Amino acid sequence: QVQLVESGGGLVQAGDSLRLSCAASGRTFSSYTMGWFRQAPGKEREFVASITWTGGTTAYADSVKGRVTISRDNAKNTVYLQMNSLKPEDTAVYYCATRPPYRASYDYWGKGIQVTVSS
């Protein structure tokens, strides 16, 4: 059974940093892309960043580019999201997800973790 467990969220002040982690288990994740998404209250879920599991190719939403870095530790089956210079508009529930190779959609999702940035 695939499980994705996010950790590292919390309440911070504007300008602070946070590192989110996503521990994956239950399958072999080679060739899978891992992504981070977020959903703010009253808004639709949006893409934040992604990384290919083997190639290390990354992608970022324009809203976080330059402030956020996605990385992975294949030995630990863990993906990280380092967020710097946090803004109140970064407040959301953050989710990690997996995307199989040659697929456009993500198939498994974590339960999400709250990040709150106070001004």
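What you see is a predicted model, and the numbers here were worked out from it, not measured in a lab.

Analysis parameters
- Residues numbered from 1 in each chain as written.
- Predicted model: local features only at pLDDT ≥ 70, side-chain atom pairs only at ≥ 80, totals over all residues.
- Heavy atoms only, no water.
- Helix = DSSP H or I, 4+ residues; strand = E, 2+ residues; numbered from the N terminus.
- Rg over C-alpha atoms; globule rule 2.2 N^0.38 Å.
- Buried < 20%, exposed > 50% of the residue type's maximum accessible area, 1.4 Å probe, protein only.
- Contact = heavy atoms within 4.5 Å.
- Areas by Shrake-Rupley, 256 points an atom, 1.4 Å probe, with all protein chains shown as cover.
- Lys, Arg positive; Asp, Glu negative; His and termini not counted.
- Charge placed at Lys NZ, Arg CZ, Asp CG, Glu CD.
- pLDDT = per-residue confidence, 0-100.
- Disulfide = S-S within 2.5 Å.
- Core = buried A, V, L, I, M, F, W, Y, C linked by side-chain atoms within 4.5 Å.

### Notes on the overall build of the chain
No. 1: Within the chain one finds zero helices and eleven strands.
No. 2: For the chain, the sequential pattern of α-helices and β-strands runs β-β-β-β-β-β-β-β-β-β-β.
No. 3: Taking 14 Å as the expected radius of gyration for a compact globule of 119 residues, we find that the chain reaches 13 Å, a close match to that expectation.
No. 4: Taking all 119 residues of the chain together, 40% fall into the buried category.
No. 5: Considering only residue pairs separated by 6 or more positions, the chain has 53% of its internal contacts joining residues 24 or more positions apart.
No. 6: Taken as a whole, the chain presents about 6,300 Å² of accessible surface, with 46% of it coming from carbon and sulfur.
No. 7: A distance of 5 Å separates the average location of the 13 positive side-chain charges in the chain from that of its 9 negative side-chain charges.

### Here we look at unusual backbone geometry
No. 1: In this structure, Ser85 is a non-glycine residue whose phi angle is positive, near 50°.
No. 2: On the secondary structure map, Ser85 appears in the loop between strand E8 (78–83) and strand E9 (92–99).
No. 3: Here the phi dihedral of Tyr102 falls at roughly 65°; this positive angle occurs in a residue that is not glycine.

### Regarding the confidence of the model for the chain
No. 1: Put simply, the chain has an average pLDDT of 94, and 99% of its residues get 70 or more.
No. 2: Within the chain, strand E11 (residues 113–118) carries the highest mean pLDDT (98), whereas strand E7 (residues 68–73) carries the lowest (94).

### Concerning the state of the cysteines
As used here, a disulfide is simply a covalent bond connecting the sulfur atoms of two cysteines.
No. 1: Scanning the model with the defined rule gives one disulfide in all.
No. 2: What pairs with Cys22 in a disulfide is Cys96, and their sulfur atoms sit 2.0 Å apart. An S-S torsion of about 55° defines the bridge between Cys22 and Cys96 as right-handed. Placement of the pair is Cys22 in strand E3 (residues 18–25) and Cys96 in strand E9, with a sequence separation of 74 residues. One exposure class covers both Cys22 and Cys96, and it is buried.

### Re the nonpolar core
No. 1: Formed by 30 residues in total, the largest nonpolar core has its most connected members in Leu20, Met34, Trp36, Leu81, Met83 and Tyr94.
No. 2: Broken down by secondary-structure element, the contributors of at least two residues to this core are E3, strand E4 (33–39), strand E5 (46–52), E7, E8, E9 and E11.
No. 3: Of the residues forming this core, the biggest block, four residues, is contributed by E3.

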